[in-house]
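Residue-level structure breakdown
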Amino acid sequence: MAFPVDMLENCSHEELENSAEDYMSDLRCGDPENPECFSLLNITIPISLSNVGFVPLYGGDQTQKILALFAPEDSLTAVALYLADQWWAIDDIVKTSVPSREGLKQVSTLGERVVLYVLNRIIYRKQEMERNEIPFLCHSSTDYAKILWKKGEAIGFYSVKPTGSICASFLTQSYQLPVLDTMFLRKKCRGKDFGLHMLEDFVDSFTEDALGLRYPLSSLMYTACKQYFEKYPGDHELLWEVEGVGHWYQRIPVTRALQRESRVLGDVIYCSHIFVPVYLSLFLVSVEYVYVNA
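The rules behind each value
Residues numbered from 1 in each chain as written. Predicted model: local features only at pLDDT ≥ 70, side-chain atom pairs only at ≥ 80, totals over all residues. Heavy atoms only, no water. Patch = residues over 30% accessible without salt bridge, like charges linked within 9 Å, V, L, I, M, F, W, Y side chains within 5 Å. Areas by Shrake-Rupley, 256 points an atom, 1.4 Å probe, with all protein chains shown as cover. Salt bridge = Lys/Arg side-chain N within 4 Å of Asp/Glu carboxyl O. Lys, Arg positive; Asp, Glu negative; His and termini not counted. Charge placed at Lys NZ, Arg CZ, Asp CG, Glu CD. Helix = DSSP H or I, 4+ residues; strand = E, 2+ residues; numbered from the N terminus. Buried < 20%, exposed > 50% of the residue type's maximum accessible area, 1.4 Å probe, protein only. Polar contact = N/O pair within 3.5 Å; in protein donor to acceptor, adjacent residues only side chain to side chain. Contact = heavy atoms within 4.5 Å. Expected span 1.5 Å × (residues − 1). Pairing = 2+ DSSP bridges. Axes fitted to C-alpha atoms, helices over the stretch in contact; angles between N-to-C directions. Phe/Tyr/Trp six-rings, centres within 6.5 Å; stacked < 30°, edge-to-face > 60°. Lys NZ or Arg CZ within 6 Å of the ring centre and 35° of its normal. Parallel < 35°, antiparallel > 145°, perpendicular 65-115°, else oblique. Left-handed = near helix turned anticlockwise from the far one by under 90°.

Named according to an unreviewed UniProt entry, the protein is Family with sequence similarity 169 member A originating from Colobus angolensis palliatus.

As structure tokens, this is what we get:
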């Protein structure tokens, strides 16, 4: 069975959007009393003009859009996308039937851009993002990115801002070094060194003497960096935690960032060890006071 990433190998944005526009024209002329339905697990979703709409594939760039079907109870969560002339569930969009699509593969086709969008905008942001994490911006149509494929499924990605590329936050400034901007790995695949594998691939893909990692380090990146330095102790001066475009005053060694995070974690554990006994003691004193004065 072929999946969208396989079927859109040679498809253009215009062809994809024209197909979606034709579908919308048919939907407007359809019988609202007998709507087409989309089956998702044990749920059947009637398709109507009220729960279908175009969404930008590249965030702030409104020129390239894809057609999405939204859940009846959540108008902000897409449950399917209209690709290759039919509706596809989110879980199927991140699958492939091509055996050679295995490991880290650089994003180049429209189908791969759609997979990257789904992993970032839907699976990460809507399903797997932790409360204390900062959401990634949508990737642009030209961002350097690689998707990690494992046994026919996309399980993660990372993206990079190469040296000289323009910074979206400072349009007059360009990156001074390659910066690993985003990294995501599905929760079900963590604990298997895939994060380390992506970090190693980033290091091997760029030849500069200094490589950046976006501030603040995510928990995934923190773990990958610890594993990396345990495996490559001689690379302590290679990786830098970077803010902005990475001028010398906007970066610190990743080793120092790891020490900072370790201290923060230690402080949290220390405080919890103090707070719980103190709170318990105060509680017991208050109970004793109530009992004596009863």
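Continuing now.
**Regarding a negative patch on the surface**
Side chains of Glu21, Asp22, Asp26 and Asp85 sit close together on the surface and give a patch of like negative charge. Along the chain, glutamate 21 turns up in helix α2 (residues 13-29). What makes glutamate 21 partly exposed here is its relative accessible area of 33%.

**Observations regarding the side chain of threonine 182**
With respect to the secondary-structure elements, threonine 182 resides in strand β10 (residues 179-185). In terms of polar contacts, threonine 182 uses its side chain to reach the side chain of serine 159, at 2.4 Å. Ignoring sequence-local partners within four residues, the contact set of threonine 182 consists of Phe136, His139, Phe157, Tyr158 and Ser159.

**So, helix α5 (residues 194-205)**
Spanning 12 residues, α5 covers 16 Å between terminal C-alpha atoms, matching the ideal 16 Å at 1.5 Å per step. In terms of burial, α5 is largely enclosed, as nine of its 12 residues are buried. Along α5, the residues that are buried comprise Phe194, Gly195, Leu196, Met198, Leu199, Glu200, Asp201, Phe202 and Val203.

**Observations concerning the sheet that holds strand β11 (residues 211-214)**
Here seven strands make up an open sheet; going across it, the order is β7-β8-β9-β10-β11-β12-β13 and the pairing mixed. Across the chains shown, the open sheet's two edge strands, defined by having one partner strand only, are β7 (103-106) and β13 (251-253). Ignoring strand direction, the axes of neighbouring strands in this sheet form an average angle of 30°. Both β10 and β11 contribute to a ladder of two bridges, which runs parallel.

**Focus: the packing of aromatic side chains**
Any two aromatic rings considered together are summarised by their centre-to-centre distance and by the angle between their planes. The full count for this structure, using the stated rule, is 14 aromatic pairs. Consider the rings of tyrosine 228 and tyrosine 232, whose centres lie 4.6 Å apart with planes at 40°: the pair is tilted. Here tyrosine 228 falls in the buried class, since its relative accessible area comes to 2%. The partly exposed category is assigned to tyrosine 232, whose relative accessible area is 30%. Through a chain of ring-to-ring contacts, the aromatic side chains of Tyr124, Phe136, Phe157 and Phe184 assemble into a single cluster. Of note, arginine 101 hangs over the ring of tryptophan 149, and the distance from its end group to the ring centre comes to 5.6 Å. Positioned above the aromatic ring of tryptophan 240, the side-chain terminus of arginine 251 is 6.0 Å from the ring centre.

**Re the packing of α5 against helix α6 (residues 219-231)**
It is the contact of α5 with α6, at a shortest axis distance of 8 Å, that shows an interaxial angle of 70°. Considering the angle they form, α5 stands roughly perpendicular to α6. In this structure, α5 crosses over α6, and the sense of that crossing is right-handed. Contacts between α5 and α6 involve Gly195, Leu196, Leu199, Glu200 and Val203 from the first element and Leu220, Ala224, Cys225, Gln227, Tyr228 and Lys231 from the second.

**Regarding the pattern of salt bridges**
Taken as a whole, this structure holds 14 salt bridges when the rule is applied. As a salt-bridge pair, aspartate 6 and arginine 101 come within 2.7 Å of each other at their nearest N and O atoms. Within this pair, whereas aspartate 6 is found in helix α1 (residues 4-7), its partner arginine 101 is found in the loop between α3 (90-93) and β7, the two being separated by 95 residues in sequence. With a shortest N-O distance of 2.9 Å, lysine 146 and aspartate 201 are connected by a salt bridge. Of this pair, lysine 146 sits in strand β8 (residues 144-150) while aspartate 201 sits in helix α5; the two residues are 55 residues apart in sequence, bridging distant segments of the chain. Aspartate 201 shares its class with lysine 146; the two are buried.

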